[in-house]
Amino acid sequence: MELDAEAFERLVVDELDELPDDMVEGLENVVFVVEDRPEDGSLDLLGLYEGVSLTERDRYGFGEMPDRIVLYRESLCAIADTEDELRDEIHVTLVHEIAHFYGIDDDRLHELGWA
């Protein structure tokens, strides 16, 4: 599926709005970013959490750079045939990366059906 950056970002915002309040209310100093592809140019990675998870933070205060949750537009579009499938993939990727912010690792996400 092909979708330009602006339309893709609208879908990401829509899916963020659909997430449960208790999931997003705890997000502090986190920015969401859309990039075309990962740095290596592959389409293998759908999203990435860059930061220090809540469970690993010693102290966190003023002046800290925000954590980043990156969604890769071309990677997500490559695995979806329809807009509904793309929305589902964006949703799952957001949940997955937000879970990393909360300190939930890939093994646990797999057990929960989110990996």
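For the protein chain, an unreviewed UniProt entry supplies the name Metallopeptidase family protein and the organism Agromyces binzhouensis.

J.: I'd like a description of a negative patch on the surface, backed by residues and values.
T.: Taken together, the side chains of Asp81, Asp84, Glu85 and Asp88 present a region of like negative charge at the surface. Relative to the elements of secondary structure, aspartate 88 occurs in helix 4 (residues 83-101).

J.: If you had to explain the environment of aspartate 67 to someone new, which residues and values would you point to?
T.: Note on placement: aspartate 67 falls in strand 3 (residues 67-72). Relative accessible area serves as the criterion here: at 4%, aspartate 67 is assigned to the buried category. Each C-alpha atom, one on aspartate 67 and one on tyrosine 49, is 7.5 Å from the other, the two residues being 18 residues apart in sequence. At a separation of 2.5 Å, a polar atom in the side chain of aspartate 67 contacts the side chain of tyrosine 49.

J.: Explain the sheet that holds strand 3 to me, using residue names and the numbers behind them.
T.: Whenever strands of a sheet pair, they do so through backbone hydrogen bonds, lying parallel or antiparallel. Read from one edge of the open sheet, three strands run 1-3-2, paired in mixed fashion. In the strand order of this sheet, the two ends are held by strand 1 (30-35) and strand 2 (47-50), each with one partner. Strand-to-strand twist of the sheet, defined as the mean angle between neighbouring strand axes without regard to direction, takes the value 15°. Pairing of strand 2 with strand 3 involves four bridges; the strand directions are antiparallel. Paired with tyrosine 49 across the strands is isoleucine 69, a residue of strand 3.

J.: Any chance you could break down the environment of leucine 54 for me, citing the residues and the numbers?
T.: Relative to the helices and strands, leucine 54 resides in the loop between strand 2 and strand 3. Counting along the chain gives 48 residues from leucine 54 to tyrosine 102, while the straight-line C-alpha distance between them is 5.3 Å. Contact partners of leucine 54, with chain neighbours within four places excluded, come to Phe101 and Tyr102.

Calculation criteria
Residues numbered from 1 in each chain as written. Predicted model: local features only at pLDDT ≥ 70, side-chain atom pairs only at ≥ 80, totals over all residues. Heavy atoms only, no water. Patch = residues over 30% accessible without salt bridge, like charges linked within 9 Å, V, L, I, M, F, W, Y side chains within 5 Å. Areas by Shrake-Rupley, 256 points an atom, 1.4 Å probe, with all protein chains shown as cover. Salt bridge = Lys/Arg side-chain N within 4 Å of Asp/Glu carboxyl O. Lys, Arg positive; Asp, Glu negative; His and termini not counted. Charge placed at Lys NZ, Arg CZ, Asp CG, Glu CD. Helix = DSSP H or I, 4+ residues; strand = E, 2+ residues; numbered from the N terminus. Buried < 20%, exposed > 50% of the residue type's maximum accessible area, 1.4 Å probe, protein only. Polar contact = N/O pair within 3.5 Å; in protein donor to acceptor, adjacent residues only side chain to side chain. Pairing = 2+ DSSP bridges. Axes fitted to C-alpha atoms, helices over the stretch in contact; angles between N-to-C directions. Contact = heavy atoms within 4.5 Å.

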